[in-house]
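Chain by chain, the residues run as shown.
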Amino acid sequence: MIQRLLQAAEGAFASAASLVHSHPKQLSIAITALFLGGAGATYAVASLAPDASNLPVRTVVEDVQPLPIPGQFDALQTQAMRLYRSDTTRSADTAESLLRRLGVYDPQAAAFIRSDTVVQQTLMGRAGRNVTVEASEGNTLLKLSARWSPDDNGTFKRLTVEKTASGFQSKLETLPMTASSRLAGGTINTSLFAATDDARIPDTVAVQLAEIFAGDIDFHRALRKGDRFAVTYETLEGDGEPMRAGRVLSAEFVNAGKSFQAMWFQEPVASGGAAASTASHTLTKGGYYTLAGESLRRAFLASPMEFSRVTSGFKMRFHPILQTWRAHLGVDYAAPTGTAVRSVGDGVVEFAGTQNGFGNVVMVKHRNNNVTVYAHLSRINVRTGQSVSQSQNVGAVGQTGWATGPHLHFEFRINGAHKDPLTIAKQSESVPVTASARAAFDQLAAQVRMQWVAAASMQSGSAQ
């Protein structure tokens, strides 16, 4: 039996070889058609035909007759056409004006929006909410959807107004957002916000950048033209639409030729058992670290003012009365009256009141005989003897005392001697990642380095 099968197989192979030798081109076409006709499979096909470069080339021209116009029109008419448009709400919107801007002309839909309690309480009169409508070819409303994220709790609201057989109905849902990450970067030409605007990076991410590197860079007076940055940050989405920017995950900022790097990391903490195999893990509050594992939270911030669009364009100023630069004694920050002033470090308020040319002034004593001074304030928000923490609001910018315009005069004194606050901030100590979390940290840091290498290659490629 086996011998007969072997003889049959040898005969089949001999016939196939003869067929290939006699009709190579036709057989190749047949095999290709067979493979192309199969769905859902992938094949590696070795062509049995001669080299295509040796075959003659022939041009074939044929007239193609399209379907008659009435037939095409009838085909389109068999399916109802639906139109989709999107816009954002305005505080002065009425039901009619909102629908009209979305290309919907439907008195019944407008009447429902005016009368429905859910729509009136959640959509009308509220600006900036994303609205999408689905309309018929007659511009009547089929469905309206609005999405917004009222709180920073990882959820979003979805309002739906839909036409049913019994009329319009509304529904309000609370749903979880999904997080994805985005890599972006830019170069400073005028200001950080101008650069982030060009890169379509949200303002909240720009502010986070300034806060992350607040111990190394004074974003009010130390930025230089040509400084550059790259940032990876979360985008929180609802139904696939971006709702808001989340946390910065990693960032690199090159200031005056020096690179500063940061990465968000939460240390896992074992709990629930002595044995490692049975211990559960929770996460610490988390913070930003260099890729070498040093915490970016320093004992002192580089600037006593939070960075914002209002303050992003202000620089160190020439003293208008004493006609001299005061950088050796302190730093003057021009800013609008009322701009918040914060303590650069933990300490105790040594003085809060009025004092000679300083006007309204707050002095905070820190450890190791360090004292910071916040002068010309329009408002004082702390009292003498009060403990304050880093970044706590101590007052507001003003022009009290010897001041011809609103600004903050800031000093850093060590044992009575004035020091450059930016230098002190950079020299202040930081806390490294713990030894138990080092392996997890190094693994994440390696991934961040690979992201930055990829981003650099993309930027260099686009520049060529």
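This structure is a prediction, so every number in the text was calculated from the model and none was measured.

Participant: Report on the overall build of the protein chain, specifying residues and quantitative values.
Facilitator: Across its full length, the protein chain holds 10 helices and 21 strands. Scored against the burial criterion, the 464 residues of the protein chain give a buried share of 38%. Contacts spanning at least 24 positions in sequence make up 61% of the contacts within the protein chain whose residues lie at least 6 apart. Of the roughly 26300 Å² of accessible surface on the protein chain, a fraction of 55% belongs to carbon and sulfur atoms.

Participant: Summarise the pattern of salt bridges; cite the residues concerned and give the values.
Facilitator: The full count for this structure, using the stated rule, is 14 salt bridges. For Asp 216, the salt bridge identified is with Arg 298, shortest N-O distance 3.0 Å. Taken together, the residues span a long stretch of sequence, with Asp 216 in the loop between α8 (203-212) and β7 (228-238) and Arg 298 in the loop between β12 (287-289) and β13 (331-334) at a distance of 82 residues. Judged by its relative accessible area of 6%, Asp 216 falls in the buried class. On the accessibility criterion, Arg 298 (14% relative accessible area) is buried. Within the structure, one salt-bridge network assembled from shared partners comprises Arg 147, Arg 158, Glu 173, Asp 239 and Glu 241.

Participant: Summarise the packing of aromatic side chains; cite the residues concerned and give the values.
Facilitator: Taken as a whole and judged by the stated rule, the model has 12 aromatic pairs. What links up through ring pairs into an aromatic cluster is the set Phe 193, Phe 213, Phe 219, Phe 229, Phe 253 and Phe 307.

Participant: Lay out the sheet that holds β12 with the relevant residues and their values.
Facilitator: Adjacent strands of a sheet pair through backbone hydrogen bonds, lying either parallel or antiparallel. The strand order β6-β7-β8-β9-β12 describes an open sheet built from five strands, whose pairing is antiparallel. Either end of the sheet is taken by a strand with one partner, and the two such strands are β6 (178-187) and β12. Pairwise comparison of adjacent strand axes, ignoring direction, gives a mean angle of 30 degrees for this sheet. Note that β7 and strand β8 (residues 241-255) share 10 bridges and pair antiparallel. Within the sheet, the bridge partner assigned to Glu 237 lies in β8 and is Pro 242. Against the sheet, α8 touches β7, β8, β9 (258-265) and β12, its axis set at about 35 degrees to β8.

Participant: I'd love a proper account of the side chain of Asp 106, names of residues and values included.
Facilitator: Note that Asp 106 resides in the loop between α4 (95-101) and α5 (107-115). No salt bridge is formed by the buried Asp 106; the nearest opposite charge belongs to Lys 163, separated by 5.0 Å. Polar side-chain contacts of Asp 106 include one of 3.0 Å to the backbone nitrogen of Leu 141. Setting aside residues up to four positions removed in sequence, Asp 106 forms contacts with Leu 99, Asn 139, Thr 140, Leu 141 and Phe 168.

Participant: How would you sum up the pairing of strand β20 (residues 407-414)? Please name residues and give values.
Facilitator: Summarising burial for β20: six of the eight residues are buried, a large majority. Relative to β20, β13 runs antiparallel, the two sharing four bridges. From the neighbouring strand, Tyr 333 faces β20, where its bridge partner is Leu 408. Where β20 and strand β21 (residues 417-419) come together, three bridges link them in antiparallel fashion. Within the sheet, the bridge partner assigned to Ile 414 lies in β21 and is Ala 417. Hairpin connection, β20 to β21: the antiparallel pair is bridged by two residues, and Asn 415 has positive phi, about 50 degrees.

Participant: Before we move on, could you go through the sheet that holds strand β4 (residues 155-164) and cite the residues and values that matter?
Facilitator: Spatial strand order, β1-β2-β3-β4-β5: five strands in an open sheet with antiparallel pairing. With partners counted over all chains shown, the strands left at the sheet margins are β1 (82-88) and β5 (167-176), one partner each. With strand direction ignored, the average angle separating the axes of adjacent strands in the sheet is 15 degrees. The sheet contact formed by strand β2 (residues 130-136) and strand β3 (residues 141-148) spans six bridges and is antiparallel. Bridge pairing links Ala 135 to Leu 141 in β3.

Participant: So what about α8? Which residues, and what values?
Facilitator: Buried within α8 we find Val 205, Ala 206, Leu 209, Ala 210 and Ile 212. Seen along its axis, α8 keeps its buried residues to an arc of 165 degrees; they face one direction. As for α8, its buried residues are in contact with α7 (192-198), β7, β8, β9 and β12.

Participant: Account for the nonpolar core, with residues named and values stated.
Facilitator: Note that soluble globular proteins tend to have their nonpolar side chains buried in a common cluster. With 33 residues, the main nonpolar core has Leu 192, Phe 213, Phe 219 and Phe 253 as its most contacted residues. Elements that contribute at least two residues to this core include exactly α7, α8, β7, β8, β9 and α9 (421-427). Per element, the largest residue contribution to this core is five residues, and it comes from α8.

Participant: Report on the environment of Pro 202, specifying residues and quantitative values.
Facilitator: Among the secondary structure elements, Pro 202 is positioned in the loop between α7 and α8. As for Pro 202 and Arg 244, which are separated by 42 residues in sequence, their C-alpha atoms are 8.4 Å apart. Residues within four places of Pro 202 in sequence aside, it is in contact with Tyr 233 and Ala 245.

Participant: Can you break down unusual backbone geometry residue by residue, with the values?
Facilitator: At Arg 200, a position not held by glycine, the phi torsion is positive, near 55 degrees. Note on placement: Arg 200 falls in the loop between α7 and α8. Residues other than glycine seldom take positive phi values, yet Asn 415 does so here, at roughly 50 degrees. Of note, Asn 415 is situated in the loop between β20 and β21.

Participant: Tell me about α5, residues and numbers included.
Facilitator: Among the residues of α5, Ala 109, Ala 110, Phe 112 and Ile 113 are the ones counted as buried. Down the axis of α5, the buried set is contained in an arc of 160 degrees. They therefore lie on one face. Facing away from the buried side of α5 by over 90 degrees, the exposed positions are Pro 107, Gln 108 and Ser 115. On the buried face of α5, the contacting elements are α4, α6 (117-122), β3, β4 and β5. A side-chain oxygen of the first residue of α5 lies 3.2 Å from the backbone nitrogen of Gln 108; this N-cap is Asp 106.

Parameters at a glance
Residues numbered from 1 in each chain as written. Predicted model: local features only at pLDDT ≥ 70, side-chain atom pairs only at ≥ 80, totals over all residues. Heavy atoms only, no water. Helix = DSSP H or I, 4+ residues; strand = E, 2+ residues; numbered from the N terminus. Buried < 20%, exposed > 50% of the residue type's maximum accessible area, 1.4 Å probe, protein only. Contact = heavy atoms within 4.5 Å. Areas by Shrake-Rupley, 256 points an atom, 1.4 Å probe, with all protein chains shown as cover. Salt bridge = Lys/Arg side-chain N within 4 Å of Asp/Glu carboxyl O. Phe/Tyr/Trp six-rings, centres within 6.5 Å; stacked < 30°, edge-to-face > 60°. Pairing = 2+ DSSP bridges. Axes fitted to C-alpha atoms, helices over the stretch in contact; angles between N-to-C directions. Lys, Arg positive; Asp, Glu negative; His and termini not counted. Polar contact = N/O pair within 3.5 Å; in protein donor to acceptor, adjacent residues only side chain to side chain. Arc of directions from axis to C-beta. Core = buried A, V, L, I, M, F, W, Y, C linked by side-chain atoms within 4.5 Å.

So, to be careful, I would describe these as geometric facts and stop short of saying anything about function.
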